Amino acid sequence: MSMLRDAATIARRNMIRIRRVPDVMVFVVVQPLMFVLLFAYVFGGSIDIPGGSYREFLIAGIFAQTVVFGATFTGSGLAEDMQKGLINRFRSLPMSRSAVVAGRTVSDVVYNALSIIVMSLAGLAVGWRIRGSILDAVVAYALLLFFSYAFSWVMACVGLLVPTPEVVNNATFVILFPMTFIANTFVPSESLPGALKTIAEWNPVSTLTHAVRVRFGNLPAQTPEPTAWPLQNAMLYSLIWAVVLIMVFAPIATRLYQRAGSR
Amino acid sequence: MKRYGEVTALDGLDLDVPGGTVLGLLGPNGAGKTTAVSILTTLTRPDAGTAMVAGVDVLADPRGVRARIGLSGQYAAVDEHLTATENLEMIGCLYGMSRRDARRRGLELLDQFRLMEAADRPLKTFSGGMRRRIDLAGALVADPPVLFLDEPTTGLDPRSRGELWEAIRDRVQRGTTVLLTTQYLEEADQLADEIVVIDHGHAIAKGTSEELKRRVGGEHLDVHVNGADDARRTESIMNKVATGPMRVHHDEGEVSAPVANGVEALSIVLRELEEQRIAIVDIGLRRPTLDDVFMELTGHEASAEASQ
């Protein structure tokens, strides 16, 4: 009970920061908006999707990429708290040991939700439509947020291990970029060559994108049935990934927090 | 009564702070001051030894200890993007207070510390000294009986330092027990009832500031001359007035000695220097510093990385 209360206090504090720190605003609102517009107008005409529109195809990919990148907030935020000595302050308080990281992951879900709202509005403006049922759309949004929540715990561990917030951004950049590009986010995975195609098929970012795309009814009509198991069971596969990530990384993050800053 | 028992991680440091008093832990960087505070505030587990804070065992019930202490660190651990009120409210809530109580208490402290102007503005816009005071206020939100202050004024200008001292004195008058670490003899002198001097994790002296100062001598005479030759001759002149071990840097031409009667020693040394026609670059009297305490107690200077 006190864990929930403490986590809420930490989350509330992080929410205040969104209004005060311009970097956060840019990352949460401006950048996702920019991505939707850039891809829609720059690539929108040059990439051909058989039997569909690229803009429709694209949106689910941008959503997936943005929530994955959004998880880095958890890492850089914790690294900053550590650098500034706030983690030591928290550790000297009679509060729950897991609340600081948990509160951070929760507030980052709110950040991500905000990003998704902005992107959805921008998408609607450039011609994207939800073609499926409302329920399917809700499921798609929920999956995006749950996956990003799970991924936040991975980033939390990174943030608690590195010396400065910049390192989180730099280190994760080289991993997250390939992870979100060797996938069906921006091009159909069938168009990728040999090994990359296999990686893309098993990449959870692909299955997340695919599941969301299907629920939004944005899958082009002539798309062949996927042959790889993860894509055939995209929803289940993405959920398994998310649950496993939480089960593995949540205890590690809590442990790292307890030992953090005691140098 | 509070007992801080033996902590072997620090090579057998034994501290005992009676309730309502201030213990000053004085030492250079790397002496083990912060380690001692980390252990007593449950941030670090000792390898061996025991410690009781406010009657609670640090190892057996760390959370119980945390509920009874306030910590204000060397680096102001406040959220610079939050206002003072928001910071204090957050800390209060994490001590288990209701939001309303935490807020009311926060405002009370801001009023007391004359920080109302920071109440509704992000701390980013304020000076280091102001942030330190808000940090201290954070440690006081829950009115803990024991307060740990880890180098509270390191890096502050004299005015901010004075303001922070005043705030600390005020708490002690209200019955708070304080463990204070510092590199400044003057700070320990100003605030502490008892001072423990530590070096390499050992206590090397214990006593009131009066007792320590009596050992170190009231004043110090510094003479700066040109070259090693003059420095050597100056050294033998100053030997006559020195009441303890001198510090000499031949190459820099610097000689420093504790003296009993400053003005008298100054005039004797001046006269002799003139007679021997030694040119003086600089000469002056000053109050003893941490370096002087170390010189007196250990016969060597505070380790190289220590002197600021």
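Located above this text is the structure these notes cover.
First things first, this report covers the structure right here in the doc. (Residues numbered from 1 in each chain as written. Chains lettered and ligands numbered in written order. Predicted model: local features only at pLDDT ≥ 70, side-chain atom pairs only at ≥ 80, totals over all residues. Heavy atoms only, no water.)

## Digging into the overall build of chain B
Move 1: The helix and strand inventory of chain B stands at 11 helices and 14 strands.
Move 2: Based on the C-alpha atoms only, the size of chain B along its principal axes is roughly 75 × 45 × 30 Å.
Move 3: Taking all 308 residues of chain B together, the buried fraction comes to 52%.
Move 4: Counted over contacts in chain B with a minimum sequence separation of 6, partners at least 24 positions apart contribute 67%.
Move 5: Element-wise, carbon and sulfur atoms account for 46% of the exposed surface of chain B, whose accessible area totals about 13,200 Å². (Helix = DSSP H or I, 4+ residues; strand = E, 2+ residues; numbered from the N terminus. Buried < 20%, exposed > 50% of the residue type's maximum accessible area, 1.4 Å probe, protein only. Contact = heavy atoms within 4.5 Å. Areas by Shrake-Rupley, 256 points an atom, 1.4 Å probe, with all protein chains shown as cover.)

## Let's talk about the sheet that holds strand β12 (residues 247–249) of chain B
Residues and elements named next belong to chain B.
Move 1: Taken in spatial order, the four strands of this open sheet run β12-β13-β11-β14, and their pairing is antiparallel. With one partner strand each, in any of the chains shown, β12 and β14 (280–286) form the two edges of the open sheet. Put simply, the sheet's adjacent strands are angled 10° from each other on average, direction ignored.
Move 2: Alignment of β12 against strand β13 (residues 254–259), held across three bridges, turns out to be antiparallel. By the bridge assignment, Val248 is partnered in β13 with Val255.
Move 3: Against the sheet, helix α9 (residues 227–238) touches β11 (219–225), β12 and β13, its axis set at about 150° to β11. (Pairing = 2+ DSSP bridges. Axes fitted to C-alpha atoms, helices over the stretch in contact; angles between N-to-C directions.)

## Digging into the nonpolar core
Soluble globular proteins tend to bury their nonpolar side chains together.
Move 1: Judged by nonpolar contacts, the single largest core of 44 residues is most densely connected at Ile134(B), Leu136(B) and Val197(B).
Move 2: Not counting chain neighbours up to four residues away, the residues in contact with Val197(B) comprise Leu26(B), His202(B), Ala203(B), Ile204(B), Ala205(B), Leu212(B), Val293(B), Phe294(B) and Leu297(B).
Move 3: If you look at the next biggest cluster of nonpolar residues, it comprises 42 residues, including Val68(A), Val126(A), Phe151(A) and Leu176(A). (Core = buried A, V, L, I, M, F, W, Y, C linked by side-chain atoms within 4.5 Å.)

## Thoughts on helix α5 (residues 128–140) of chain B
Residue and element names in this part refer to chain B.
Move 1: Relative to the 18 Å expected for 13 residues at 1.5 Å per residue, α5 spans 19 Å between its end C-alpha atoms, a close match to the ideal helical length.
Move 2: Of all 13 residues in α5, 11 are buried, a share of seventy percent or more.
Move 3: Turning to α5, its buried residues number three or more, namely Gly129, Met130, Arg132, Arg133, Ile134, Asp135, Leu136, Ala137, Gly138, Ala139 and Leu140. (Expected span 1.5 Å × (residues − 1).)

## Details of the pattern of salt bridges
Move 1: Scanning the model with the defined rule gives 29 salt bridges over all chains in all.
Move 2: For Arg104(B), the salt bridge is made with Glu108(B), and the minimal N-O distance between the two is 3.7 Å. With Arg104(B) and Glu108(B) both in helix α4 (residues 99–112) and four residues apart, the pair spans about one turn of that helix.
Move 3: The exposure class of Arg104(B) is partly exposed, given its relative accessible area of 49%.
Move 4: Judged by its relative accessible area of 37%, Glu108(B) falls in the partly exposed class.
Move 5: Here the salt bridges share partners, and the residues they tie into one network are Arg13(A), Arg17(A), Glu80(A), Asp81(A), Lys84(A), Arg104(A), Asp79(B), Glu80(B) and Arg131(B). (Salt bridge = Lys/Arg side-chain N within 4 Å of Asp/Glu carboxyl O.)

## Let's talk about empty space enclosed by the protein
Move 1: As enumerated under the stated definition, the model contains two cavities of 30 Å³ or more in all.
Move 2: There is about 30 Å³ of room inside the second largest cavity.
Move 3: In terms of lining, the second largest cavity is formed by Arg13(A), Arg17(A), Glu80(A), Asp81(A), Lys84(A), Leu86(A), Val78(B), Asp79(B) and Glu80(B).
Move 4: Of all the secondary structure elements, the ones that give two or more residues to the lining of the second largest cavity are α1 (2–20) and α4 (72–83) of chain A. (1 Å grid on protein atoms, 1.4 Å probe; cavity = no way out; pocket = protein on both sides within 12 Å on 5 of 7 lines; lining within 4 Å. Points joined across faces, edges and corners; volume = space filled by probe spheres on them.)

## Looking at the layout of surface pockets
Residue and element names in this part refer to chain A.
Move 1: The computed volume of the second largest pocket comes to approximately 420 Å³.
Move 2: Every residue lining the second largest pocket is counted, 20 residues in all, and those nearest its centre are Asp23, Val24, Phe73, Ser76 and Glu80.
Move 3: Secondary-structure elements contributing two or more residues to the lining of the second largest pocket are α2 (22–43), α4, α6 (99–125) and α8 (165–181).
Move 4: Among the residues forming the lining of the second largest pocket, the class breakdown is seven nonpolar, six polar and seven charged. (Nonpolar A, V, L, I, M, F, W, Y, C, P; charged D, E, K, R; others polar.)

## A few points about a nonpolar patch on the surface
All names here are of chain A.
Move 1: Judged by side-chain polarity, Phe146, Trp202, Trp229, Leu236, Leu239, Ile240, Val243, Val244, Met247, Val248 and Ile252 come together as a nonpolar surface patch covering roughly 970 Å² of accessible area.
Move 2: The dominant element in the nonpolar patch, judged by the number of residues it contributes, is helix α12 (residues 234–259), at eight residues.
Move 3: Structurally, Val244 can be placed in helix α12. (Patch = residues over 30% accessible without salt bridge, like charges linked within 9 Å, V, L, I, M, F, W, Y side chains within 5 Å.)

## Quick notes on the interface of chain A and chain B
Move 1: The interface of chain A with chain B comprises 26 residues on the first partner and 32 residues on the second.
Move 2: When chain A packs against chain B, the two sides together hide about 2,600 Å² of surface, and 54% of this comes from carbon and sulfur.
Move 3: Broken down residue by residue, the surface that chain A buries against chain B is led by Arg20(A), Arg89(A) and Pro94(A), which jointly contribute 28%.
Move 4: Run the count over chain A and chain B and you get five salt bridges.
Move 5: Across the salt bridge formed by Glu86(B) and Arg20(A), the nearest N and O atoms sit 2.9 Å from each other.
Move 6: Viewed at the interface, chain B and chain A are joined by 11 residue pairs in polar contact (both at pLDDT 80 or more).
Move 7: Secondary-structure elements contributing two or more residues to the side of chain A that touches chain B are α1 and α5 (86–91) of chain A. (Buried area = accessible area lost by both parts, 1.4 Å probe. Polar contact = N/O pair within 3.5 Å; in protein donor to acceptor, adjacent residues only side chain to side chain.)

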